[in-house]
Amino acid sequence: MTARISPYLNFRTEARAAMEFYGEVFGAEPTFSTFDEYGMAQDPADAGKIMHSQLELPAGGGLLMASDAPAGMPVPDETSASVALFGGPQDAEALRAVFARLSEGGTPGVPMEVAPWGDEFGMCTDRFGVGWMVNVAGPGRG
């Protein structure tokens, strides 16, 4: 099977700001399409909202997508979903830096530290309310 799975984040109005932030964090350029570009803005307040955005992570690291909800569509206040980011010992420095950036202005969870299973692990909720879990495989495991 050649299918891929990618997180798709939903916001009320912050998709552009969030994806621009993630672009800075991951060193990639997001793309944006608005509701008015495709004639899909049924409410004038939705015209400039993001209908679809995506960010291709460097080195084949995956695809992160996001959108704003149109005025008539509900968006949950909270979700139990988190984005998991993981790599091997060779990625440790980069993953620690990403975790630090994602944590800025957010809510701390678990600091990056060696977990009982031997990997370095941390959790946070970023400034946009998105949960992140970052895992660096322990020596000999990556």
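Cut-off values and rules
- Residues numbered from 1 in each chain as written.
- Predicted model: local features only at pLDDT ≥ 70, side-chain atom pairs only at ≥ 80, totals over all residues.
- Heavy atoms only, no water.
- Helix = DSSP H or I, 4+ residues; strand = E, 2+ residues; numbered from the N terminus.
- Buried < 20%, exposed > 50% of the residue type's maximum accessible area, 1.4 Å probe, protein only.
- Contact = heavy atoms within 4.5 Å.
- Areas by Shrake-Rupley, 256 points an atom, 1.4 Å probe, with all protein chains shown as cover.
- Lys, Arg positive; Asp, Glu negative; His and termini not counted.
- Charge placed at Lys NZ, Arg CZ, Asp CG, Glu CD.
- Expected span 1.5 Å × (residues − 1).
- Phe/Tyr/Trp six-rings, centres within 6.5 Å; stacked < 30°, edge-to-face > 60°.
- Pairing = 2+ DSSP bridges.
- Axes fitted to C-alpha atoms, helices over the stretch in contact; angles between N-to-C directions.

In the nomenclature of an unreviewed UniProt entry, the protein chain is known as VOC family protein of Cellulomonas avistercoris.

1. Quick look at the overall build of the protein chain
When helices and strands are counted, the protein chain shows two helices and eight strands. Seen along its three principal axes, the alpha-carbon backbone of the protein chain occupies a region of about 55 × 30 × 30 Å. Here the protein chain, with 142 residues, has 39% of them falling under the buried criterion. Restricting to contacts in the protein chain with at least 6 residues of sequence separation, those with at least 24 account for 51%. Of the accessible surface of the protein chain, which amounts to about 8400 Å², a share of 56% is contributed by carbon and sulfur atoms. For the protein chain, the distance from the average position of its 8 positive side-chain charges to the average position of its 19 negative side-chain charges is 2 Å.

2. Considerations on helix α1 (residues 15-26)
The first and last C-alpha atoms of α1 sit 16 Å apart over twelve residues, in line with the 16 Å expected at 1.5 Å per residue. The set of residues buried in α1 consists of A15, A18, M19, F21, Y22, G23, V25 and F26. Backbone geometry just downstream of α1 places G27 in the positive-phi region, at approximately 70°.

3. A short note on the packing of aromatic side chains
Considering all chains together, one arrives at seven aromatic pairs under this definition. For the pair F21 and F128, a centre-to-centre distance of 5.9 Å together with 50° between the ring planes defines the contact as tilted. Of this pair, F21 sits in helix α1 while F128 sits in the loop between β7 (120-125) and β8 (131-136); the two residues are 107 residues apart in sequence, bridging distant segments of the chain. Their ring planes at 40° and their centres at 6.0 Å tell us that F26 and W132 sit as a pair that is tilted. Residue F26 is located in helix α1, and its partner W132 is located in strand β8; the two are separated by 106 residues in the primary sequence. Using a relative accessible area of 2% as the deciding quantity, one classes W132 as buried.

4. Some words on the environment of P7
Looking at where P7 falls in the secondary structure, it is placed in the segment before β1 (8-11). Of the residues examined, P7 reaches a relative accessible area of 30% and is grouped as partly exposed. As for P7 and G138, which are separated by 131 residues in sequence, their C-alpha atoms are 25 Å apart. Excluding anything up to four places from it in sequence, P7 contacts L63, L64, M65 and V83.

5. Notes on the sheet that holds strand β5 (residues 82-87)
The sheet built from four strands is open, its strands ordered β5-β8-β7-β6 with mixed pairing. The sheet is open, and its two edges are formed by β5 and β6 (107-114), each paired on a single side. In this sheet, neighbouring strand axes are inclined to one another by 10° on average, regardless of whether the strands run parallel or antiparallel. Bridge count for β5 against β8 is six bridges, and the pairing is parallel. In the sheet register, G87 faces β8, and the bridge partner there is V136.

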